[in-house]
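Below are the chains, spelled out letter by letter.
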Amino acid sequence: MSDIFDFDEADVASAEPVKAKHEPEFLKALNPEQYQAVTTTEGPVLVLSGAGTGKTRVLTTRIAYILAMGLARPWEVLAVTFTNKAAKEMKERLEKMVGPDARSVWLGTFHRIGVRILSKYPECVGLKPNFVVLGTDDQERLVKQIMQGAGVDIKRYTPATMLDIIQRWKDRGLAPSAVTGAQNSGFCEGRALGFYHVYQQRLRELNAVDFGDLLLLPLELFKIRPDILAGYQNQFRYILVDEYQDTNIAQYMFLRLLSKAYGNLCCVGDDDQSIYSWRGAEVENILGFDKTFTDALTIRLERNYRSTEHILGAASALISNNSGRLGKTLKVANETAGGGELVKVSGYWNGSDEAEKIIQEIEVQQARGTPLSDMAILVRASFQTREFEEVLLRYGIPYKVIGGFKFYEREEIRDAVAYLRLILNQTDDLAFLRVVNKPRRGIGDKVIEVLTTAAKTHSVSLFEAIAWAELKPAVRKTLDWFVNLIKEGKELSKSMNPAQVANKILEDSGYMTMWRMDKSIESDGRIENIKELYNVLGDFASLNEFLDYAALVTDTDDKTEGEQLVVMTLHASEGLEFDNVFLPGWEEGLFPHQKALDEAGDEGLEEERRLAYVGLTRAKKRAYISYASSRKMYGQWQNPMPSRFVDELPADHIMDCTENAMGRRGAYDRIDRYVADLERKGKTFASFDNWTPNYTPPKKTKRLGKRVFHDSFGYGTVIREEGDRLEVHFDDVGPKKVLARFLEAV
DNA sequence: GGGTTGCCCGTTTTT
DNA sequence: CGGGCAACCC
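A brief look at the structure comes next. All values reported here derive from a predicted model rather than from experimental measurement.

### Re the overall build of chain A
Phase 1 of the analysis: Within chain A one finds 29 helices and 23 strands.
Phase 2 of the analysis: Within chain A, buried positions represent 40% of all 746 residues.
Phase 3 of the analysis: By sequence separation, contacts in chain A at least 24 residues apart represent 74% of the contacts at least 6 residues apart.

### Quick word on the nonpolar core
Where a protein is soluble and globular, its nonpolar side chains tend to be buried together.
Phase 1 of the analysis: Within the largest apolar cluster, 126 residues are counted, with the highest numbers of intra-cluster contacts made by Ile 63 and Ala 79.
Phase 2 of the analysis: Top element by residues in this core is helix α17 (residues 411–424). It accounts for 9 residues.
Phase 3 of the analysis: With residues near it in sequence (within four places) discarded, Ala 79 still touches Leu 59, Ile 63, Met 90, Val 105, Trp 106, Leu 107 and Leu 240.
Phase 4 of the analysis: The next biggest cluster of nonpolar side chains, apart from the first, holds 55 residues, and it includes Tyr 348, Val 401, Val 566 and Val 581.

### Examining the packing of α17 against helix α22 (residues 498–508)
Phase 1 of the analysis: In contact at an axis separation of 10 Å, α17 and α22 are set at 105 degrees when each is read in the N-to-C sense. Judged by the angle between their axes, α17 and α22 are roughly perpendicular. Counted together, Ala 416, Tyr 419, Leu 420 and Ile 423 of α17 and Val 501, Ala 502, Ile 505 and Leu 506 of α22 form the full contact between these two elements.
Phase 2 of the analysis: Tallied by class, the residues present in the contact of α17 with α22 amount to 8 nonpolar, no polar and no charged.

### A closer look at helix α19 (residues 445–458)
Phase 1 of the analysis: Taking 1.5 Å per residue as the helical rise, α19 with its 14 residues ought to reach 20 Å, and the 20 Å between its terminal C-alpha atoms agrees with that figure.
Phase 2 of the analysis: Inspection of α19 places Val 447, Leu 451 and Ala 455 among the buried residues, and these make up the whole buried set. Here the buried residues of α19 occupy an arc of 75 degrees about the axis, which is enough to place them on one side. Away from the buried face of α19 by more than 90 degrees, exposed residues Asp 445, Lys 446, Glu 449, Lys 456 and Thr 457 are located.
Phase 3 of the analysis: Lining the buried residues of α19 we find α20 (462–465) and α21 (473–495).
Phase 4 of the analysis: Following α19 by one or two positions, Ser 459 adopts a phi angle in the positive range, close to 45 degrees.

### Let's talk about helix α6 (residues 159–171)
Phase 1 of the analysis: For α6, spanning 13 residues, the distance from its first C-alpha to its last is 18 Å, which sits close to the expected 18 Å at 1.5 Å a residue.
Phase 2 of the analysis: Among the residues making up α6, those that are buried are Pro 159, Met 162, Leu 163, Ile 165, Ile 166, Trp 169, Lys 170 and Asp 171.
Phase 3 of the analysis: Contacts made by the buried residues of α6 are with α5 (136–149), α7 (187–190), α8 (192–205), α9 (213–224) and α11 (249–258).
Phase 4 of the analysis: Two residues or fewer past α6, Gly 173 is found with a positive phi of approximately 75 degrees.

### Focus: the sheet that holds strand β6 (residues 238–241)
Phase 1 of the analysis: Reading across the sheet, the 6 strands line up as β3-β2-β6-β7-β1-β8 and stay open at both edges, with parallel pairing between neighbours. At either margin of the open sheet sits one strand with a lone partner, and together these are β3 (106–109) and β8 (297–301). In this sheet, adjacent strand axes meet at a mean angle of 15 degrees when their direction is disregarded.
Phase 2 of the analysis: In this structure, strand β1 (residues 45–49) lies alongside β8, joined through 5 bridges in parallel fashion. Bridged to Leu 46 within β8 is Thr 298.
Phase 3 of the analysis: In the packing of helix α1 (residues 32–39) onto the sheet, contacts are made with β1 and β8, and the angle to β8 comes to roughly 145 degrees.

### Focus: the protein's contact with DNA strand B
Phase 1 of the analysis: Contacts to DNA strand B come from 35 residues, most closely from His 111, Phe 211, Gly 444, Lys 446 and Thr 569.
Phase 2 of the analysis: Going through the elements one at a time, α3 (84–98), α4 (110–120), α19, α26 (570–573) and α27 (594–616) are the ones with two or more residues in the surface near DNA strand B.
Phase 3 of the analysis: Of the residues that constitute the surface near DNA strand B, the class distribution is 10 nonpolar, 15 polar and 10 charged.

### Observations concerning the environment of Ser 493
Phase 1 of the analysis: Among the structural elements, Ser 493 can be located in helix α21.
Phase 2 of the analysis: Of the residues examined, Ser 493 has 21 C-beta atoms within 10 Å and is grouped as buried.
Phase 3 of the analysis: With 118 residues separating them along the chain, Ser 493 and Leu 611 place their C-alpha atoms 47 Å apart.
Phase 4 of the analysis: Those residues within four positions of Ser 493 in sequence are excluded, and the remaining contacts are Ile 423, Val 501 and Leu 543.

### Here's the deal with the packing of α17 against helix α25 (residues 543–552)
Phase 1 of the analysis: Orientation of α17 relative to α25, taken along the N-to-C sense of each, is 130 degrees, at an axis distance of 10 Å. As judged from the angle between their axes, α17 and α25 are oblique. Considering how the two elements wind past one another, α17 and α25 form a crossing that is left-handed. Residues Val 417, Leu 420, Arg 421, Ile 423 and Leu 424 of α17 pack against Leu 543, Asn 544, Leu 547 and Ala 550 of α25.
Phase 2 of the analysis: Its residues placed into classes, the contact of α17 with α25 shows 7 nonpolar, 1 polar and 1 charged.

What counts, and at which threshold
- Residues numbered from 1 in each chain as written.
- Chains lettered and ligands numbered in written order.
- Predicted model: local features only at pLDDT ≥ 70, side-chain atom pairs only at ≥ 80, totals over all residues.
- Helix = DSSP H or I, 4+ residues; strand = E, 2+ residues; numbered from the N terminus.
- Buried ≥ 20, exposed ≤ 12 C-beta atoms within 10 Å, placed from the backbone.
- Contact = placed C-beta atoms within 7 Å.
- Core = buried A, V, L, I, M, F, W, Y, C linked by C-beta atoms within 7 Å.
- Axes fitted to C-alpha atoms, helices over the stretch in contact; angles between N-to-C directions.
- Parallel < 35°, antiparallel > 145°, perpendicular 65-115°, else oblique.
- Nonpolar A, V, L, I, M, F, W, Y, C, P; charged D, E, K, R; others polar.
- Expected span 1.5 Å × (residues − 1).
- Arc of directions from axis to C-beta.
- Pairing = 2+ DSSP bridges.
- Near = placed C-beta within 6 Å.
- Left-handed = near helix turned anticlockwise from the far one by under 90°.

Given below as structure tokens:
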């Protein structure tokens, strides 16, 4: 598993590459545009690659072509992706085409490439070898510490927001000294920039970097050391970039710098699939490619090999509502009789109705021959997965929720990794703080304070400070034991494999016992996860090697096993394809998401629309869009309107599958709700013979019996409610009818 | 130092 | 409605 991310260090300087005379056979499999994208090796090239047009094929074939033609040697080619998954896939496909040479190509995520460069010259940017890459939780803790230390009201100005601001600066390639007054955020009375300074300083003290640094620091390095930059510029004859629409400004600067000597930069992407602006991606990179790179050639891949005409027609019409596009017209490469099935659009009464009907349709489709693994439910927000999980469990259908909680972000895994980090490196203060009192050993804030002071006066790490600090006997005993434990682990790691070391340390420290004693429902899962970690560790020769890997990998369990239905967010679906795709929750407020509209206005709306486009274009044969007229969000029933995206779908490509006779359905629904209400109150439901369809259930029965406060009448108890009109028995003035909005819950 | 209660707030997520 | 966190109490 680690081998995917290793590089063969074959950068041996030798003579020029040897050029070949004949075109390789594999070019014959390409269509004319793909052929052009592959063989136009010189100069800047932008490949606008629509959904399903064979972008990965172009990228891998292009590298294979460059190598086969002898235009460069493997280590002179740099290919960057966003995700480990994409890198892995590309590497595997390349290996099939060119054999072991693939291992010498610089192929990896931006971050992985960044680490590789930084590991070679750590001192130039103030790092020591073996620096730590921080996870989000460590970053946030650090920011919080800094802000609290500066006396900031953490509730008013949250560390998460602060960290976000820092990240946006880093996304733009701005070190603290480069942020100008105008770019400083108004956040926290303009103190944000100051915190950024301190944050970077603290990172260096801890010999740590965050994800943003993996790009920012190489850029800094190139600035300070033009000789090193020149070395890389001369090395990389050809640079390729995947998912260019998702790059941020720092990544753009990185690519621009490195491609300067040869100018052979090939970016592949689709502006219509840019869905990550909220984390710093800059659509301008792709929109302005031909302006920033002079003489750039733009090649459009518009032949779609994936979807039917109806799916493509619906998707194209939808995305045509966006302005500021580079413009592509997707054409079906393989025509189907009648254009395939129409996109089905259904309205349902509520979220659970929607979930149930979708699962039923999935069963029908499965019976008709589509394997579960060729179907997917794509949701806008992760809370939507819950409703589907409930139904899937009830129906006994194997499924997998992708994304959500990542393996390496789980508490128990971060803890276990922290133990390992500390064993390898006793100056890792963050790891120390994480595990010193886990399981509880009676080491609290006070002891940490003492250690921090001792560490400062003797300029050592917290772990080393234990030897110097003045401690109460009981604490002394515990900490000496802890020191011993870690040192013993260190000793063992010289002779044992990482899995054995981890097992020993997690047992001896009492960490495993802590979870075994834990009665909560999650504890079994946590123990399982740690066992899974032992498995992963078994693949590594040393702890060091494992930690390098773990820092940049967030998921091991994204792969589905056999016959499983996948449920995931639209964001996570980018780059994937399925026979049948289900797109629930197309409702105003949810999709487009209200927050996207509030925060980014029209831009936000367009990004939401691109997300819808991404979702639709994942489908090969069938797409199902649906919305519910009532949905529980934040514990409250909402009655959203169908999404405007539903209206934007062209009539000739869709079929309205909403069950007819809405009136009847309306009646049934109201009865359903009434029954649900009765059940909630613990009553049984007798018969709805007497029920007229006009019955409207009271909106918020849960206010009954609640204590409330009224400005003029004082405290009281709700005794009856009719919509917003409540009858309250006030302690002082007796029963009164008042409007809910004049009351405060107590 | 550890457990409990009460309050706030609520996207998307890779590395 | 529920999770996460901070203030509060033992």
